[in-house]
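Chains, contacts and geometry: an overview
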Protein chains: 2
Amino acid sequence: MPTLEKVTRTDAGLASELRLSVMRLRRRLVAERHPDNELSMNAMAVLGALHRHGELTIGELATRERVKAPSMTRTVNWLEDGGHVARRPHETDGRQVLVALSDRGRETLLADRRRRDEWLARRLRDLTPADRDLLRRAAPILERLAQED
Amino acid sequence: MPTLEKVTRTDAGLASELRLSVMRLRRRLVAERHPDNELSMNAMAVLGALHRHGELTIGELATRERVKAPSMTRTVNWLEDGGHVARRPHETDGRQVLVALSDRGRETLLADRRRRDEWLARRLRDLTPADRDLLRRAAPILERLAQED
DNA sequence: TATTGTTATACTCTATAACTATA
DNA sequence: TATAGTTATAGAGTATAACAATA
């Protein structure tokens, strides 16, 4: 039997299965977010990016999180209102805006890091070590699928 | 070194990484949906569930897709307006409503199945066979994470 | 009383379009 | 002209609360 067709069909099935799993797991993750965590998951992701990479512009943050600039403007507005980040003008390009993590933002990030993944981490601990290892290797591939053009 | 703490920390990291990957990939999947596909991804998932399992109630569909009943009512309304499904009363329990795939819905499902995963399937073909195989094994685990209580 | 589904309402996240300021 | 960011607006998807019908 033609292997190509088999592979293609199997890949379509995998795509379908993977898509459904991702949609459902995301929905579950949003629902299970710790109630006393005042920041959205996306806002926390922005704090994490700033922690890892230092100051970033709105555009860089938007590209990184795969959202459009207006969405990132709004997220940064929330974070700034809460005192978690600060905007400052770019030194040489007056159009750009640099966003930096504040001390409070860093505290929030570090304090929440342990508890914000509580639900998922608990579920992960219920898996076999082999399954957990498999997910550990799968996560970067999922990330790459999301990032590629 | 305390192995437990190490493992716990690593799992928290995995949870974080997995969460971000899932959020971003889902966002990308929604953005890359074929423009001439008139049905939302969730509506298509409902058609798929009806195809696999036959008639289901609103409540069963809601549980399966991990949404609340009002959300599923709305999705089923769309599908019914488009002639893709039909409601009929439950034989013995007047409160429940059975939803069945129509011929048109089945055609829509089968015709769209190949193309609706086009983007993801193409990305998957760009992966190495090993990575693809890894995702094939990871998908059910993600599904289980989404489904468990 | 409890359950199933619907209606009403509101919220979150995201996008596109139009605009401002700067390059 | 082109780019970075903001503002205005709209749409999709979801939830909770209140309600109706039935068990």
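Residues numbered from 1 in each chain as written. Chains lettered and ligands numbered in written order. Predicted model: local features only at pLDDT ≥ 70, side-chain atom pairs only at ≥ 80, totals over all residues. Heavy atoms only, no water.

Structural notes on the protein's contact with DNA strand D
Test applied: Throughout this document, a residue counts as near a molecule or strand when at least one of its heavy atoms sits within 4 Å of that molecule or strand. Counted as a polar contact is a pair of N or O atoms within 3.5 Å, where, for protein atoms, one must be capable of donating a hydrogen and the other of accepting one, and residues adjacent in sequence contribute only when both atoms are in side chains. Strands here mean DSSP runs of E at least two residues long; helices mean DSSP runs of H or I at least four residues long; both are numbered from the N terminus. Think of it as three bins: nonpolar holds Ala, Val, Leu, Ile, Met, Phe, Trp, Tyr, Cys and Pro, charged holds Asp, Glu, Lys and Arg, and polar takes everything else, Gly as well.
Around DNA strand D sit 23 residues in total, of which Arg27, Gly59 and Thr73 of chain A together with Arg74 and Gly94 of chain B are the nearest. Per the 4 Å cut-off to the protein, sugar and phosphate atoms form 73% of the nearby atoms of DNA strand D. Here Gly59 of chain A contributes a backbone N or O atom positioned 2.7 Å from a phosphate oxygen of DNA strand D. At 2.8 Å, a side-chain N or O of Arg87 of chain A approaches a phosphate oxygen of DNA strand D. Elements with a contribution of two residues or more to the surface near DNA strand D: helix H3 (58–65) and helix H4 (69–81) of chain A together with helix H4 (69–81) of chain B. Per-element accounting of the surface near DNA strand D gives the leading share, 4 residues, to H4 of chain B. Here the residues of the surface near DNA strand D are counted per class, giving 7 nonpolar, 9 polar and 7 charged.

A look at the sheet that holds strand E1 (residues 56–57) of chain A
Through backbone hydrogen bonds, the strands of a sheet pair up, either in parallel or in antiparallel fashion. Residues and elements named next belong to chain A. Let me state the cut-off plainly: Between any two strands, at least two bridges found by DSSP are needed for them to pair.
Ordered by their spatial adjacency, 3 strands build an open sheet running E1-E3-E2, and the pairing between neighbours is antiparallel. Every interior strand has two partners, whereas the edge strands, E1 and strand E2 (85–89), have only one. Note that E1 and strand E3 (residues 97–101) share 2 bridges and pair antiparallel. Opposite Thr57, over in E3, you have Leu98 as the bridge partner.

A few points about the sheet that holds strand E2 (residues 85–89) of chain B
Residue and element names in this part refer to chain B. Put simply, the rule is: Only heavy atoms enter the contact rule, under which two residues are in contact if any of them lie within 4.5 Å. Here an angle of 0 to 180 degrees is reported between the N-to-C directions of two axes, which are lines fitted to C-alpha atoms, with helices fitted over the stretch in contact.
Within the open sheet, the 3 strands sit side by side as E1-E3-E2. Their pairing is antiparallel. On the outer flanks of this sheet lie strand E1 (56–57) and E2, each paired with one strand and no other. In terms of strand pairing, E2 meets strand E3 (residues 97–101) through 5 bridges, oriented antiparallel. Across the sheet, residue Arg87 finds its bridge partner in E3, namely Val99. Against the sheet, helix H2 (residues 41–53) engages E1, E2 and E3, with an angle of about 90° to E3. Of the strands in this sheet, E2 and E3 are in contact with H4, which crosses E2 at around 115°.

Some thoughts on the interface of chain B and chain A
Basically, it comes down to this: The term buried area means the drop in 1.4 Å probe accessible area that two parts suffer when joined, counted for both and summed. Just to be clear on terms, a salt bridge is a Lys or Arg side-chain nitrogen sitting within 4 Å of an Asp or Glu carboxyl oxygen.
With 55 residues of chain B at the interface, the matching set in chain A holds 55 residues. For the pair chain B and chain A, the summed buried surface comes to about 6100 Å²; carbon and sulfur atoms form 62% of the total. Summed over the three residues of chain B that lose the most area to chain A, namely Arg19, Arg24 and Leu145 of chain B, the buried surface amounts to 12% of that side. Linking chain B with chain A are 6 salt bridges, by the criterion used here. Applying the counting rule to chain B against chain A returns 16 residue pairs in polar contact (both at pLDDT 80 or more). When residues of the side of chain B that touches chain A are traced back to their parent elements, those giving at least two are helix H1 (3–31), H2, helix H3 (58–65), helix H6 (118–125) and helix H7 (129–147) of chain B.

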